[in-house]
Structure formats: structure tokens, C-alpha cells
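A structural walkthrough
Listed here are the chains, written in short residue letters.
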Amino acid sequence: MTPAQAPLCGVRIADFTIHAAGPFCTQLLAQLGAQCIKVESKTRPDAFRKPHAVYGRMTAATFDQVSVNKLSVRLNLKQPEAVALAKRLVSIADVAAESFRAGVMQRLGLGFQALRSVKPDIILLSLSSSGQSGPDSHFAGYAPLFGAWGGLGWMSGYSDGPPVEMRHVMDHSAGTHAAVATMAALHQRRRTGQAQHIDLAAREVASAMIGDALIQASLGQRPERTGNAHLSMAPHGVYPTREPDRWLTLAVRNDDEWRALAQELNQPSASSDPRFASADARLHHRAELDALLARWLATRSAEATAERLQRAGVCAHVSWNMQDVAGDAHLRARGATTEVSAPGIAPRLAVGAPARFSKMHDVGIRRLTPALGQDEDYVFGELLGLTSAQRADLERREVIS
Amino acid sequence: MAEDPVQGPPLAGCRVLEHSRSVAAAYAGRLLAAMGAGVVMLEPPGGTPLRRAPPLLEGTDQSALFAYLSAGKHSVVCDLLAPHGRCTLERELEGIDILIDDTPLGRRAAQHLDPQVLSQRFPALVHVSVLPFGASGPKADWDGEEVNLLHAAGEGFLLPNGLSYELFPERPPLKIYGHFSHYQGGSMAALAALAAWWAAPAAGGQYVDVSVQDAVLSVGAFALQRLGDGSLEHRATRSFRYGGVFEARGGFVELLTLEDRQWTALVELLGRPAWAQDDALRDPLERSRRGAEINRHIRAWMLRHDVDDIVRWAQERGVPAAKYRTPADVIRGEHERSRGLFAPLRLGGGLQAEVLVAPFQFRCTPLEGAMSVPAIGERPAEPVK
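Nothing here was measured: the structure is a model prediction, and the numbers come from that model.

About the thresholds
- Numbering of residues starts from 1 in every chain and runs along the sequence as written.
- Lettering of chains starts at A and numbering of ligands starts at 1, both following the order in which they are written.
- With pLDDT at 70 or above as the cut-off, local features in this predicted model cover only qualifying residues; side-chain atom pairs require 80 or more to be listed or tallied, and sums for whole chains, interfaces and linings still use all residues.
- Numbered from the N terminus, helices here are DSSP runs of H or I no shorter than four residues, and strands are runs of E no shorter than two.
- Whether a residue is buried, exposed or partly exposed follows from its count of other C-beta atoms within 10 Å of its own C-beta, namely 20 or more, 12 or fewer, or something in between, respectively; the C-beta atoms are built from the backbone.
- All domain edges in this entry derive from an automatic or database-based domain assignment.
- What counts as a contact here is a pair of residues whose C-beta atoms, placed from the backbone, lie within 7 Å.
- A strand pair is defined by DSSP finding two or more bridges across the two strands.
- Think of a nonpolar core as buried Ala, Val, Leu, Ile, Met, Phe, Trp, Tyr and Cys residues, each tied to the set through C-beta atoms within 7 Å.
- Every angle, taken between N-to-C directions, lies between 0 and 180 degrees, and every axis is a line fitted to C-alpha atoms, over only the stretch in contact when it is a helix.
- Working rule for angles: under 35 degrees goes down as roughly parallel, over 145 as roughly antiparallel, 65 to 115 as roughly perpendicular, anything else as oblique.
- Throughout, a crossing is termed right-handed when the near helix is turned clockwise from the far one, and left-handed when it is turned anticlockwise from it by less than a right angle.
- Lys, Arg, Asp and Glu make up the charged group, whereas Ala, Val, Leu, Ile, Met, Phe, Trp, Tyr, Cys and Pro make up the nonpolar group; the residues left over, Gly among them, are polar.
- By construction, the arc corresponds to the directions joining the helix axis to the C-beta atoms.

**A look at the overall build of chain B**
If you tally the helices and strands in chain B, you get 15 helices and 13 strands. Over its C-alpha atoms, taken along the principal directions, chain B stretches across nearly 85 × 45 × 45 Å. Every one of the 385 residues in chain B was classed for burial, and the buried ones make up 55%.

**Description of the domain arrangement of chain B**
Interfaces are often sized by the accessible area lost when the parts come together. On domain assignment, one finds that chain B holds domain 1 (15-152 + 175-220 + 336-372) and domain 2 (244-326). Once you take the C-alpha centre of each, domain 1 of chain B and domain 2 of chain B turn out to be 42 Å apart.

**Considering the interface of chain B and chain A**
Contacts between the two partners involve 126 residues from chain B and, on the opposite side, 123 residues from chain A. By residue number, the principal contributor to the side of chain B that touches chain A is helix H7 (residues 180-203) of chain B, which donates 15 residues. Relative to strand S6 (residues 206-211) of chain B, strand S12 (residues 356-357) of chain A is paired through 2 bridges, and the arrangement is antiparallel. Counted as the bridge partner of A:Arg356 is B:Asp209 from S6(B).

**Details of the nonpolar core**
Counting residues in hydrophobic clusters, the biggest one holds 247 residues, and the most contacted among them are B:Ala28, B:Leu32, B:Val128, B:Ala189, B:Ala192 and B:Ala193. Tallying contributions element by element places H7(B) first for this core, with 14 residues.

**Brief notes about the pairing of strand S4 (residues 95-98) of chain A**
All names here are of chain A. Residues Val95 and Ala97 line one face of S4 and the alternating positions Ala96 and Glu98 line the opposite face, and both faces are buried. Looking at chain direction, strand S1 (residues 12-16) and S4 are connected through 4 bridges and run parallel. Looking across to S4, one finds that Ala14 is bridged to Ala96. Pairing of S4 with strand S5 (residues 123-128) involves 4 bridges; the strand directions are parallel.

**Regarding the packing of helix H5 (residues 143-150) of chain A against helix H7 (residues 168-192) of chain A**
All names here are of chain A. As a packed pair, H5 and H7 sit with axes 7 Å apart at the nearest point and diverge in direction by 75°. In terms of axis orientation, H5 runs roughly perpendicular to H7. Residue-level inspection shows Ala143, Phe146 and Gly147 of H5 in contact with H7, the latter providing His168, Met170, Asp171 and Ala174.

**Here we look at the packing of H7(A) against H7(B)**
Packing of H7(A) against H7(B) brings their axes to within 9 Å, and their N-to-C directions diverge by 25°. As the angle between them shows, H7(A) and H7(B) are arranged roughly parallel. Judged by the twist between their axes, the crossing of H7(A) over H7(B) is left-handed. Residue-level inspection shows A:Ser173, A:Thr176, A:His177, A:Ala179, A:Val180, A:Met183, A:Ala184, A:Leu186 and A:His187 of H7(A) in contact with H7(B), the latter providing B:Gln184, B:Ser187, B:Met188, B:Ala190, B:Leu191, B:Leu194, B:Ala195 and B:Trp198. Looking at the contact of H7(A) with H7(B), its residues break down into 11 nonpolar, 6 polar and no charged.

**Examining the domain arrangement of chain A**
For chain A, the domain assignment lists domain 1 (12-210 + 371-396) and domain 2 (236-324). One C-alpha centre belongs to domain 1 of chain A, the other to domain 2 of chain A; they are set 44 Å apart.

**A closer look at the sheet that holds strand S7 (residues 244-248) of chain B**
All names here are of chain B. Spatially, 3 strands are ordered S7-S8-S9 in an open sheet, and the strand pairing comes out antiparallel. The two strands at the open ends of the sheet, each matched to only one other strand, are S7 and strand S9 (321-323). Sheet twist, expressed as the mean angle between neighbouring strand axes with direction ignored, is 30°. Against the sheet, helix H12 (residues 291-303) engages S7 and strand S8 (251-255), with an angle of about 35° to S7. Contacts from helix H13 (residues 307-317) reach S7, S8 and S9, with the element oriented near 155° to S9.

**Overview of unusual backbone geometry**
Residue and element names in this part refer to chain A. The linkage connecting Ala234 with the following residue, Pro235, adopts the cis geometry, with an omega of 0°. Along the polypeptide, Pro235 turns up in the loop between helix H9 (211-218) and strand S7 (236-240). Of note, His19 is a non-glycine position whose phi angle comes to about 65°, a positive value. The phi dihedral of Glu398 is positive, around 60°, even though this residue is not glycine. By secondary structure assignment, the location of Glu398 is in the segment after helix H18 (388-396). Residue Glu398 is classed as partly exposed on the basis of its C-beta count, with 16 C-beta atoms lying within 10 Å.

**Some thoughts on the sheet that holds strand S10 (residues 342-346) of chain B**
The strand order across the open sheet built from 3 strands is S11-S10-S13 (chain B), with neighbouring strands paired in mixed fashion. Looking along the sheet, the strands with just one partner apiece sit at the ends: strand S11 (352-356) and strand S13 (371-372) of chain B. Each of S10 and S11 of chain B is contacted by H9(A), which is oriented at about 145° to S11(B), the strand it contacts most.

**Section: helix H10 (residues 255-264) of chain A**
Residue and element names in this part refer to chain A. Within H10, burial applies to Glu257, Trp258, Leu261 and Ala262. The arc enclosing the buried residues of H10, seen along the axis, measures out at 135°, which places them on a common side. Buried residues along H10 sit against helix H11 (268-271), helix H12 (279-284) and helix H14 (302-311). Directly beyond the C-terminal end of H10, a positive phi value near 55° is found at Asn266.

**Quick look at the pairing of strand S9 (residues 315-318) of chain A**
Residues and elements named next belong to chain A. Side chains Cys315 and His317 project from S9 onto one buried face, and the interleaved Ala316 and Val318 project onto a second face that is buried too. As paired elements, strand S8 (residues 247-251) and S9 share 4 bridges and run antiparallel to each other. Residue Leu248 lies in a different strand from S9, and its bridge partner there is Val318.

**Brief notes about the environment of B:Gln7**
With respect to the secondary-structure elements, B:Gln7 resides in the segment before strand S1 (15-19). Sequence spacing of B:Gln7 and B:Pro104 is 97 residues, and the spatial spacing of their C-alpha atoms is 38 Å. Residues in contact with B:Gln7, not counting those within four places in the same chain, are A:Thr192, A:Gln194 and B:Thr365.

**Observations regarding helix H1 (residues 21-31) of chain A**
Residues and elements named next belong to chain A. Counting buried positions along H1 yields 11 of 11 residues, so the element is predominantly enclosed. Looking only at H1, the buried set comprises Ala21, Gly22, Pro23, Phe24, Cys25, Thr26, Gln27, Leu28, Leu29, Ala30 and Gln31. Positive phi shows up at Gly33, right after H1, with a value of about 115°.

Listed below in C-alpha cells is the structure:
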């Protein structure tokens, strides 16, 4: 037997997820080796197959990160026969994943009990904005709303400004946590042979990122919105440099690092200045320090300074834009970014393997965005055993559509 | 612990040793502990630096951050640099399924945490390394705190967008609260750990290299995708054309209408004002073009109404809208209470608080509730033979 080259080889996912959070989760599992069969339809195509005016995208995306490695089949779930086929697909899957509003799968006839009846040890992942239970479970939402409901948006922001809107990273954080829970359920099934229904509310993932503040609030204390400042480190923050809109991030954790910073920036007197002699003193004089740093850095190149400070043991990094990220040899060497191309897709960078495994070298992107229904020969033909005539009939009646 | 002996929580029987200084590694262990794994923190004498990490609970020297990250774990003290350090470590590693370690590369050998050495001694061990820039690659020896890592992966540069940027365009980019990057690194480490453990029956143990920078980039993938489409995103321009953060009476509202039907419902919500009756606005592209104008109208309307009324009316009409809730709102939230999101947490000195159990539920085997913050070394080290 050839040893598996990805940890989740042999795991199959029937993927009903839509939007960003759910597809991101199944994409992660697919990069880790799971076979992910994406169920779509012509009438309700995935967001990336459509123009997206809100983001200024006027055509379908040619490449979609969250659909990499996925197989695509069409099923029009408004038709009972399509629902029956979906159940057959689930019956040969380990995991079914969905991200509809709570109650939709039930209405489609694909609720947990229905799926369990065709696959007694199925793991159903339900990812939604507000969860499967509770008074808000019917609420629709997107990433910025998850951040608002969950408290992360309120806690982020300038100390004298409004709360801050979370974007796709919030969706995708929910997706990562959903993947963690799915893996745990797989282990549980291996041990017990039992089914599991995972209920992930994206707003609760936002809350998990203010877990410390929630403990404070539970004691009647009022957590502080600190902006770029830190409660125990100074200097700490994001500083201008000689290049416009080119910022340097700094975090000084202790006296040694402070002295190293002052030395590297040719400010010998600062390292012996009693106002900055200890962490407490630096915190007390934080505003003066921030002003000094801005002055010292005003004549310096951000990138060269970051490299120099890193060599001196100071935590520093330029505030990178995506062009910088794309050009970084470190990320490329790790496979965190990887070049992809295909007919109709010029070479471009995508986000690759989520981690590096010493014994598994096939983790990462193996294939790109599938065309709608491109894998039906394999899935409907080979896996479900439908004949060409049956499939043609189902297509004619728009069950497969 | 009232648990079904056959069923139990998802990770019943999974044994984890955590050697952590960073939020990322500690959060990985925390997620596994919440799902029923037995997680032991191996702490140096005096405890992990996380025990002193802000924010502290008022009137105490206890860290709220550490309380959150350590809830449900055990603590063993071991001086890995002492003469018996290696023996103690090896005793603790007996029977362990997953080791999570964030020791910087240059200090691993001295602490007997070299992956090759460990894999020979413990061939079934899943050894997960969690470092700011990973354990391999030209910058593997770079160090970074949260603020550095958020910006090293491109997300920091893109914040804030929308109203905060409009109000303060000259200010530096703004960090997300707390340890967002580390939570990405931690959740990715937990995922990688469970994936490697899944493969262990066939492949045995292995070494897994997780980077916080990679994890943040992973969740920020759409910005890289946009670059591939020819757009370099900037916080000044990536805001939604209309919608976003609005000030209302008594708080702030997030409003976002992506679908036509949601726009129609929003016009209803606003009381069908004359400006919204313009036929041209039926076209989503035209709405995008005139986003600033639309937002001016919505802002004026929001300021006249109470935040709770707005979100209630909006949700009744199918307009995606939410209140920017404070931590106090969340901890008291009826929805969260109903879902059992929080559980009692016992801290040092007899202090009782509440803690978020986990951001996911297992409906067939609900996760255990009450948790404690372990005192330093509350569990004695395994005796060295």
C-alpha cells in the first residue's frame, strides 16, 4: 500500500456550503487531502460564479480560492429527486457541510435526522451566522455583522473613534474553527461509531476572539479598547517612515529590546533616558515615545529598518500590502503562497498549504476552480452508479441542473 | 465530570502536552481542551509568561487572557534547562498524542525539544510547532508580536476601512483588538494537530510546522485573490460602496445589503424616502457608483433613531443589520445565554467569573460546562525513575 500523502486522504465531504465561511472550511479540509464534492445548481450558482458589484467585480471570478481542490456537481435541490440524490451522496460521505440559514436544510429534507437515516455515522457541519438554536438563529448576516454581534468589532477601533468593520477574515476565521470541530468529530466517530451534528455560529467565533474581555465583563469590569497601544509594551504600534503610506510595526517587550531599538536607531541618549528606563516608565511616557519614534523613523526606509531591528532582536515588521506578501520569498519557500495557472487563468499566486507535515507532501492545492458540474461523470456515474441514460433523463427534467 | 463512558466529548482520550509562551500555542491547546482532550501545560518555574499577560482582572494580579486560554487545562512545572529537565520531559511525554510547542528554534536543543530527537524517542507523537513565522524558510528565526504579525500577512494594512478610515484618514493603520493573528495561528495549529493525529494509525507520528503569519494570510486569502484579479487592496478603497458602520442613537449599527431584495427591504425600512425612489437605483452597479450619496442619507436617518429599534426593524424586514455590541452586551446576551455559550470559571483566590466555553457546539454530545484556571503546578510532575 502506498502511504497516504495527505492526512485526510480517504475522507469524503458532501459540500452544500455557500458564501465564504463554509466554503473556506471545506477548502481547508480539501487542502489537507479530503475529497470534497461541491453541490451547486445553475439557478443558484456560487457567489464566485457571478459578478459582484459590491466588490466592483463585473464578471465571474476566474479563480476562487475557496473552491480549490473541489469537485463540482449540479443538483437542483428544489426537486425531490435531487434531494434523494443528495442523500445518496451523503450516504457515501463522511462529512456533510452546509452554511444555509438555520432551518433551510430541514425544509429541503436534508436535516440531521434525515441524513443520519441514510448514513448512521454522518458528521453534519452546520455553519451559520447565529447558530441552529436561540432567539436570533433566524438572523441573516455577513462577516461585518458577525464581528458586530460578537463584540470583536466594538473592541477594535481607535480609542476615540467608532467600532471597526471586520471583513473576510471574519468569515474565514469561522471556517477554520469549523474545520477544527469537524476534525474533532471525525476522531469521535472513529472512537464511537456515532454520528455528530456540529453547530457553529460565526458570531461566536468573533466572541471567542474577545474571550479575555468577556471574562472581565462577566465580573462587571469594563474592558479597554486600546487601538494600536498595548497595556504592557511601549513603544508598541504602527509608525510612519520616510516613504508615504509605508508603516513600520514595532513591539518592544523589555528593557533589552528597548536599548537595542535605541541603539539601532542611533539614539544613544534615549537608552539612558530615565523616562524610558523601565517598562512602567515607558508606558507612562508612551505618547512622548510615539512622537520620538515617528521623528526617528521619518528619515528611514521601512524595510531596511525592519530587517536591521530583527537582526538586533527587536520585533519589527513593515505593514505589508498584498504586493509585498506576493513578493515574499519566505512565504513562497514555505508554500504558504503558491503559483497556480490553468487554461484561461494566467499564472497568479494563491494561498497554499495551511501547515507543513513532515511525512505528507501532497498537502496544498492540487486543482483549481471547478467548472459547474464538471465532475458528474465521476460522482454520479462512478460513485452513485447512474447510467448515462438516467443522467440524461435527470438533466432533461432539470433535476441535475 | 458527567460524561457518557462510551460516547464522551469529541476528544475524550486524546492526551496533549502544551509548552506555550504565545497566545497561538495556548489557544490551540485551549480548543483541544474545550473538546475534551486532556491538556497539560508544561510550565517553567514561576509559570508561563502568559500568566502575567494583560489585561489583568481589576484588583488582582490575575490575567484575564491567561484565564481564558488556560481554562480546563492542567499545569505541571518543569525546568527544562535543569539537569533533570530531559528526564522530566520524557516522563511527561509518555502516552502523549499531541505536543504543541512554540519554543523559538534556537532554544529548542537546550530544552530537549528538537523535533528529530523527539521523533526517534516518540515515533507515535504528533509534534506541532507554532511560531510567528514558522519553523522553516528564510525568516524562520524572525520574531513577532501580534501587531507585527497582523501586518506581516497583509491584513493590518487594510484596516480600518469604512467609517473609521473616513474619520481619520491620516492615522496609521489600526490593529484588530487583542490577539486576532494568534487566534488564527492557534486554530490552524489545532486543525493541523488533529489532521496529523487522524493520519497517525497509518503514518505514525510526525512533525507539523505551523506559522502564525501563514495562518493570517490564509484567512486573508481574498486580498491575494483580488491581487491576482489585478486589484491591490487598500483600506481607503476596500470599504463597501454603501452600508457599513453607522452611528445611531445609543450605539453603532452595521448594515450591509448585498442582494437586490435586501436593498428593496432597506428602502422600506427607511420609510420609502423620495431620494430612494430614483429608478436608476434599482441597478446595483448604479448604487455602487452612488454609494457615498446613499450613505449620507442613511447616516442622517440612523442618527434620528434608536440603535435597538433599527436592528429590530431591519431584521423583521430581512435587512442584514446588527448592533455593535459591547462585551457586556454579549455576556448578558439572551441569544448567547439560550445557547449556553458561557460557563462558570473558577479563578485563583476564590474568584468566580464566566468564560466562553467554545465557539462551536456538538449537539449529540454537548461540551462540558464549568471550568477552572489551573494554579501553577497544581498537578505534580511524573516522578523521574
